[in-house]
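Take a look at the letters that make up each chain.
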Amino acid sequence: MDTIYFVFQNSLLFTVPLVVVALGGMFSERSGIVNIALEGIMVIGAFFSIFFIKTFQGSIPPQLLFILAMFIAIIVGVLFSLLHAYASINMKANQTISGTALNLFAPAFAVYTARMVQGVSQIDFENNFRIPKVPLLGDIPVIGNLIFQNVYITTYIGIGILVVASIILYKTRFGLRLRACGEHPQAADSAGINVIKMRYTGVMLSGALAGLGGLIFVVPISTNFSGSVLGYGFLALAVLIFGQWKPSRILFAAFFFGMMKTIASTSTIIPFLADLSLDPAIYKITPYLATLIVLAFSSKNSAAPRAAGEPYDAGKR
Amino acid sequence: MEYVIEMLNITKEFPGIIANDDITLQVRKGEIHALLGENGAGKSTLMSVLFGLYKAEKGTIKVNGQVAKIHNPNDAKKYGIGMVHQHFKLVHNFTVLENVVLGVETVENGFLKLKDAREKVEKISKQYNLFIDPDALISDISVGMEQRVEILKMLYRENEILIFDEPTAVLTPQEIDELMKIMKNLASEGKSIIFITHKLNEIKQVADRVTVLRKGKYIATVDVATTSKEEMSEMMVGRKVLFEVEKGEQKPGEVILEVKNLVVKSKHSHKNAVNNVSFKVRRGEILCIAGIEGNGQTDLVYALTGLTPIESGSLLFKGSDITHSTIRQRSVSGISHIPEDRHKHGLVLDYNLAENLVLQSYFQKDYQNNGFLKFEAIYKHATDLIQQFDIRSGEGANSKTRSMSGGNQQKAIVAREIDKNPDLLIAVQPTRGLDVGAIEYIHKKLVEQRDAGKAVLLVSLEMIEVMNVSDRILVMYEGELVGQADPRVVSQQELGLYMSGSKREVIE
Amino acid sequence: SKPEDKGFELALITDVGNIDDKSFNQGAWEGLVKYAEENDITHQYYKPTEQSTAAYVDAIELAVTGGAKVIVTPGFLFGPAVFEAQDLFPEVKFVLLDADPHSEDWTQFRAEDNVYSIYYAEEQSGFLAGYAAVKDGYTNLGFMGGMAVPAVVRFGYGFLQGAEYAAAELGLADVMVKYHYTGNFDDTPDNKAKAASWYQSGVEVIFAAGGKVGNSVMSAAEEADKKVIGVDVDQSPESDTVITSAMKELGNSVYLALEAYYADEFPGGEIVTLRADVDGVGLPQDFSRFTTFKQADYDAVYAKLVDETITLKTNADGGNEAGVPDAAKLGLTAVKITVE
Amino acid sequence: MNKLLKSKGFQNASASILSIIFGFVFGFIVLLISNPANAVGGFLTILSGGFTGGMKGLGQTLYLATPIIMTGLSVGFAFKTGLFNIGASGQFIIGAFTAVFIAVKATFIPTEILWLVALTGAFVAGGLWALVPGFLKAYRNVNEVIASIMMNYIGMYLVNFMVVKTVFDAARNQSMTPTRAIIPKVGLDTLFNGSNVNLGIIIAILVAIIAYIVLEKTTFGYELKACGYNRSASQYAGMNSKRNILLSMVIAGAFAGLGGGLLYLAGSGKHIQVVDILAAEGFNGIPVALLGLSNPIGIIFAAIFVAYINVGGFYMQLYKFVPEVISIMVAAIIYLSAFSLFFREQISAFFKKRTEGK
Ligand SMILES: Nc1ncnc2c1ncn2[C@@H]1O[C@H](COP(=O)(O)OP(=O)(O)OP(=O)(O)O)[C@@H](O)[C@H]1O
Ligand SMILES: Nc1ncnc2c1ncn2[C@@H]1O[C@H](COP(=O)(O)OP(=O)(O)OP(=O)(O)O)[C@@H](O)[C@H]1O
Ligand SMILES: [Mg+2]
Ligand SMILES: [Mg+2]
């Protein structure tokens, strides 16, 4: 039982950031802008917020510091994503180009700036943000073990974002309009919706969530940051597609992937896997292979927003 | 006389073409004002300017005598202007209700409040006999229904000035009648309507006045009651147009296509889309499949051309079995296909006109040599067809087809398919959205094919076209052939009975 | 201003990692900087365009263009590059760490007078770490190496032998050691999860010998309230969980080499392995994070390494080609290895 | 002359050049901010790029351009046919491994042709690797982006595993040296003395030209593009759209795979490191393809340009600048090139005015 709890708790390490970032991608793509810059935005978000943590660590209580850092990550993510928004909305640029540029820019900028400011590219921080056990809730059998012990506050924030994102998408005027812009912007426009404004909002939301995702990805796995999120922005993109651009499925996809990754790296404490003693390479490959196989049998219909990737042109037939 | 809408001296240019050249349009309150013009005359553009989708280079717009600044559809909305676009602007994966409220949603603390909206939609739907199910997904409903949703959208917004851009092009005769009634109704309530159509009958039937455009220029505005159809069409194309299709006696020859017990599975329901259909097409005849949209005509054509697999039955073309042949094999053996959906199937919109005109023949000896395209021949071919079929576009053979007007896109397809010199021409709604001049031309081409001893299989929803062009009519209803008629003797009413399923006979 | 006017007399070239990797490269760089600053000598580091011998040689050439008189090349990947460069730039001195000059295909080995090759006895450093850990009461250990390169393998084998040695002294029958190479030098969620799973399964202390892998391990240790042993340099400032570090005196040896150069005593042509006897390896002199292990214990066992009472098995005779340890070859009885 | 100025190719090229100029200006500002004293010198070094090191520098430029021409082609070719091949990284490393494997293990093949056989192997292996996402896209409707991302990781782990099992140099934790299958230098090494440039650059350019001809001049290219633009229409026209999607992915993959072979058999002492890091060359293909407007000929120039300023960035270290500046500049250039539509409109408006003014 402990093993199950442990594996579950650890899979959150992968799942939560992937969900948050993929939801960001969802808002952008649902508004009609493909955002492959998620990776770059994560890097920039993590860079500034961790720099903030490093600066104020010790003078501000950990959980408060963490939350403040999240705000920084969000703001920076939004600002950075504006570059993508401007290029793809105002300039009608090819969205892959602009996204690629941001992906190229972010790590170089992070390393370069860190060196300029503090001499070295790594930014150290102390990871004292983990909550060993949530008071009261942590004692609930099973559930308490699963999600109220050894957690980061980000787990709850991630869950909160997921719930809020689904409500926004399906239950609000904003969500309806956003989806319309991603499916058929001409229809939205002729219904009097400001497509440009909606798309800006979509991209900025993706910036906010990807920036935040960068921070919450890095914090639990290391004690320093050096300008890389190891391709998890691209994995989030994969999760978004796997999740068919829908919140609940994004959760499923991220969880599936996170679980597979955790099992792969902790196979030796999982009894029946430990007995197999397979080559580690097999475990490393499994999450990706399994995803491919699942996709091969579940992708009959793609739910990609129809207008995603196309610059909006009012006169298009 | 007081005008609700005045568009004065409007000029709108696109790269390489002046779509509107100093056009003036004045609409009176409470009238149905028709806008008539050939394909590419600039009607949609003008309306898009009025609706705020395009910004005109020159000219003023006045609403109720006041100069109006309309920069986007939101401004148009403020002036009470609503528009049903030629290509519908509906979000395919939204429900009817969601599409209707889009942009004018009622909310409570930011959350959608659809209850009131639903009631209002149901009320309007009842009032105008629209029979709309607010919860149906757009992707599940028929084109006619989509049209009604567009109308409902305008009514829901309580617009006073309604623009209909070719609303009847995709409707069945019954649906057209319904629409005409609705429009009259609306006008009698004091709403002003701008009505774009190529069908002079419809103008005669409902419009008060008509403004005619030709090649981007204003020609005249006249009263409908005192102007004959012939006069209108002459204004429109600048010459006399024949309305009756001139054709000699048919001389049916050998059977060229034999369809035996054809069954095609439906993608959406358990019922077969095409159920046990058998018929023959002969050389020298135009056989027409008539019927209301959505009764299996599309699937039948897809099965004949190879786009959809056949469940059971067989196809014999020129005596050989093509049941399992590929699309290419059928095409090469002499079947041409003018598809129903020109954007989905007919054209590669990002290719230029020349490239599109060889879409069915690029692999032939004439256009390639050991796999290398012969561009000279391709462009020469394009120039020839452009001339021969009067295809108009900004940059000739080099025009991106995406930028061409709908009518000219259609002409390009017709040109390509007829130029293949097929033994069997399958033409699905070949004149949809075309002006009378173009329709006349295409009908003439179909008859020429027939007279040259080729077979033509025409699928049409257009009653007049069915009656005028065909030599023999088969009526399709719910995937089955339910009637056979001779256009020289059958009445429109009788055909209507077959089409609605009220009458059926066994076909040999 | 032409760069040659100023010039950089001392140069360092990085291979895989960055100059500020908090372990290997940084250790060497700090030694160089220390000497340069004390003596007011210009210095600079260079990054090759890609990871290839040719690119390393180009970087060396660039450094020479930039006026370098001594070039420090840390890392075994520099073996073939320095092999070429020693002939191309005979007037320039090379301090090659963790390697000796050899041809790309390992057929020729030759160190000219302008090359000083330094190896470190990582197995001794690892030995001390393993010894200290078991002596301090830990019986459930982990070794998490980065990639199975020779130096990392030596750390690992030494660690196992140190644990065995302590177990024998203490009369312990069972010391469990989980043994793993992560395949990278990064702080990834996978590495973190792996480390966390070890701690979860009862491992008390993990020796993290792989650059930033250590950061993942520390992160997991901080969560699980367990311990870490650092590598290369004293990593205790990075996390409170680091009880000690298996060091090699990178900075110091670079410093000494430079000192020798300026004293005209550059040990050109020499290939040395710095061992305990010259203080080339060791643990930091801070024993406060141990409970029972004391300076005296350390000094005692260190002396045995110095006088070679204790000799250790390394790459060739301790395991297989891929760096997987062999209990029999390493003479392990009390220590039970689980290779993952 | 006027015709040339108004031609699309000219306007495209001048739009790209404009973004390069603005990108340089941005880079200069970065340099100024970080180190004003050395900014001018550093910047001039970037500008003189490959020329900084004389013929050798130019040779290095061509050497560095070789693999990214191939991965750029891989991405660009797929783009042209409506697919986003983000999997060049995996295809590249699989190609690289296959080449090295053949080079080391196929001792029975004569040395004179071994390199050729190994490159062919790389080409085929890259193609086969892309067959998987191609097949999934064509027949199972799996988005090629996600399938390619998965294949990147699978490729990386598999190659690591295979290197260790087959051609492992344990002492350096990397693949063995493929001494017997080095791509000939064909005199380029004397022309560009001291550099690693070899026949590979000529192969890459030839492949690009062939790709151009296939795309623009042949019925096959016509089909591939038609299928990319409008799959339904290509079906209607009797093309086998599934086969085309599959082939287009396979060709793209083969290009990337060949790129891997060309780099690792270049004789520059490049080895496959057994590290869990995706091959960067694959991702570098994306900006190259974009800068080259997905046109194979444009891609040749784009790759050479990127290599050129990277060489400049390398030399710039003499001014105490970190080479990351180059990435920042390339990013700025790519970003601005996204505005090419805007630039093009400006340019064509400019020339229109001029001709009208006459
Ligand atoms: N059309 C809707 N109206 C209101 N709530 C919805 C709607 N669709 C989904 N939800 C709710 O939003 C949350 C997320 O939905 P989910 O992502 O699963 O989409 P879905 O159920 O697959 O719906 P769809 O396919 O219509 O987008 C769930 O709680 C679900 O109940
Ligand atoms: N977005 C556009 N880009 C370029 N040219 C355009 C565009 N929209 C319209 N045009 C050109 O303007 C002219 C008028 O087009 P418009 O759609 O208004 O004609 P129309 O009267 O509606 O004809 P049709 O009934 O054939 O659609 C056409 O020749 C068309 O090629
Ligand atoms: Mg029209
Ligand atoms: Mg129109």
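You'll find the structure just up there.
Summary of the structure given here.

Rules and cut-offs
- Along each chain, numbering runs from 1 in the same order as the chain's sequence is written.
- Labels follow written order: the first chain is A, the first ligand is 1, and so on.
- For a predicted model such as this one, the threshold for reporting local features is a pLDDT of at least 70, and the threshold for listing and counting side-chain atom pairs is 80 or more; totals across whole chains, interfaces and linings nevertheless cover every residue.
- Note: side-chain values were computed over all heavy atoms of the structure, leaving out hydrogens and water.
- Note on conventions: DSSP H or I runs of at least 4 residues are helices, E runs of at least 2 residues are strands, and numbering of each starts at the N terminus.
- Radius of gyration here is computed from C-alpha atoms only, and the compact-globule reference equals 2.2 Å multiplied by the residue count raised to the power 0.38.
- Contacts were defined at the residue level, with two residues in contact if any of their heavy atoms lie within 4.5 Å.
- Note that accessible areas follow from Shrake-Rupley with a 1.4 Å probe, and for residues the cover is restricted to the protein chains shown.
- Under this rule, positive means Lys or Arg and negative means Asp or Glu; His and the chain ends count for nothing.
- Where a charge lies is defined by one atom per residue type: Lys uses NZ, Arg uses CZ, Asp uses CG and Glu uses CD.
- Whether a residue is near a molecule or strand depends on its heavy atoms: it is near if one of them lies within 4 Å of it.
- As used in this structure description, the phrase polar contact means that two N or O atoms lie within 3.5 Å; if the pair is within protein, one of them must be able to donate a hydrogen and the other to accept it, and residues adjacent in sequence are counted only when both atoms belong to side chains.
- Following the grouping adopted for this structure description, the nonpolar residues are Ala, Val, Leu, Ile, Met, Phe, Trp, Tyr, Cys and Pro, the charged ones are Asp, Glu, Lys and Arg, and the polar ones are all others, Gly among them.
- Here, nonpolar core refers to any group of buried Ala, Val, Leu, Ile, Met, Phe, Trp, Tyr and Cys residues whose side-chain atoms link them within 4.5 Å.
- A 1.4 Å probe rolled over the protein chains alone gives each residue an accessible area, and that area as a share of the maximum for its type sets the label: buried under 20%, exposed over 50%, partly exposed in between.
- When two components associate, each loses some accessible surface as probed by a 1.4 Å sphere; the sum of these losses over both components is called the buried area.
- Salt bridge, as applied in this entry: a Lys or Arg side-chain nitrogen positioned within 4 Å of an Asp or Glu carboxyl oxygen.
- Strand pairing is assigned whenever DSSP detects at least two bridges linking the two strands.

## Concerning the overall build of chain D
Argument step 1. Regarding its fold elements, chain D presents 16 helices and 2 strands.
Argument step 2. Taken against the 2.2 N^0.38 rule, which gives 21 Å for 358 residues, the C-alpha radius of gyration of chain D at 21 Å falls within 12% of a compact globule.
Argument step 3. Taken over the C-alpha atoms alone, chain D extends approximately 70 × 60 × 35 Å along its principal axes.
Argument step 4. Within chain D, residue pairs in contact and separated by at least 24 positions form 77% of the contacts whose partners lie at least 6 positions apart.
Argument step 5. For chain D, the accessible surface area stands at approximately 12,100 Å², while carbon and sulfur atoms represent 70% of it.
Argument step 6. Of the charged side chains in chain D, 24 are positive and 11 negative, and the gap between their average positions amounts to 7 Å.

## Quick word on the arrangement of the chains
Argument step 1. When the 5 pairs of chains in contact are compared, the highest contact count belongs to chains A and D.
Argument step 2. In this view chain B stays clear of chain C, with the nearest C-alpha atoms of the two still 38 Å from each other.

## Focus: the site of ligand 1
All names here are of chain A.
Argument step 1. Surrounding ligand 1, one finds Ser166, Tyr170, Lys171, Lys246, Pro247 and Ser248.
Argument step 2. Contact distances for ligand 1 include 3.1 Å between an oxygen atom and a side-chain N or O atom of Lys246.
Argument step 3. Protein chains bury 48% of the 580 Å² of accessible surface belonging to ligand 1 in isolation.
Argument step 4. When residues of the shell around ligand 1 are traced back to their parent elements, those giving at least two are helix 6 (153-171) and helix 11 (247-266).
Argument step 5. Of the residues forming the shell around ligand 1, the biggest block, 3 residues, is contributed by helix 6.
Argument step 6. Within the shell around ligand 1, the residues separate by chemical class into 2 nonpolar, 2 polar and 2 charged.

## Re the nonpolar core
Argument step 1. Judged by nonpolar contacts, the single largest core of 385 residues is most densely connected at Phe164(B), Ile71(C), Leu97(C) and Leu141(C).
Argument step 2. Setting aside residues up to four positions removed in sequence, Leu141(C) forms contacts with Ala133(C), Val134(C), Phe159(C), Ala163(C), Val175(C), Met176(C), Val177(C), Lys178(C), Val203(C) and Val205(C).
Argument step 3. Counting residues in hydrophobic clusters, the runner-up holds 58 residues, among them Val348(B), Leu353(B), Ile473(B) and Tyr498(B).

## Some details on unusual backbone geometry
In most cases, non-glycine residues show a negative phi, while peptide bonds are predominantly trans.
Residues and elements named next belong to chain D.
Argument step 1. The residue Ser294 is not glycine, and still its phi comes out positive at about 60 degrees.
Argument step 2. A positive phi is found at Lys320, a non-glycine position, where the angle reads about 65 degrees.
Argument step 3. In this fold, Lys320 is placed in the loop between helix 14 (296-315) and helix 15 (324-337).
Argument step 4. Exposure remark for Lys320: the relative accessible area of 42% places this residue in the partly exposed category.

## A look at the interface of chain A and chain D
Argument step 1. On the chain D side, the residues contacting the 49 residues of chain A number 46 residues.
Argument step 2. Taking both sides of the interface into account, the surface hidden between chain A and chain D amounts to around 3,900 Å²; carbon and sulfur atoms contribute 79%.
Argument step 3. Our count for the contact surface shared by chain A and chain D stands at 1 salt bridge.
Argument step 4. The residue Lys284(A) makes a salt bridge to Asp276(D) at a minimum N-O spacing of 3.0 Å.
Argument step 5. Here chain A and chain D share 4 residue pairs in polar contact (both at pLDDT 80 or more) between them.
Argument step 6. If you list the elements that add at least two residues to the side of chain A that touches chain D, you get helix 3 (62-90), helix 4 (95-118), helix 10 (232-242), helix 11 and helix 13 (280-296) of chain A.
Argument step 7. With 14 residues, the top contributor of residues to the side of chain A that touches chain D is helix 4 of chain A.
Argument step 8. Residue classes in the side of chain A that touches chain D are distributed as 33 nonpolar, 10 polar and 6 charged.

## A closer look at the pairing of strand 4 (residues 58-63) of chain B
Residue and element names in this part refer to chain B.
Argument step 1. Of the strand pairs in this sheet, strand 1 (residues 3-14) and strand 4 are connected by 5 bridges, and their pairing is antiparallel. Bridging from a neighbouring strand, Leu8 pairs with Thr60 of strand 4.
Argument step 2. By the bridge criterion, 2 bridges tie strand 4 to strand 5 (residues 66-67) in an arrangement that is antiparallel. When the sheet's bridge partners are listed, Val63 is paired in strand 5 with Gln66.
Argument step 3. Where strand 4 hands over to strand 5, the hairpin turn is made up of 2 residues, of which Asn64 adopts a positive phi near 50 degrees.

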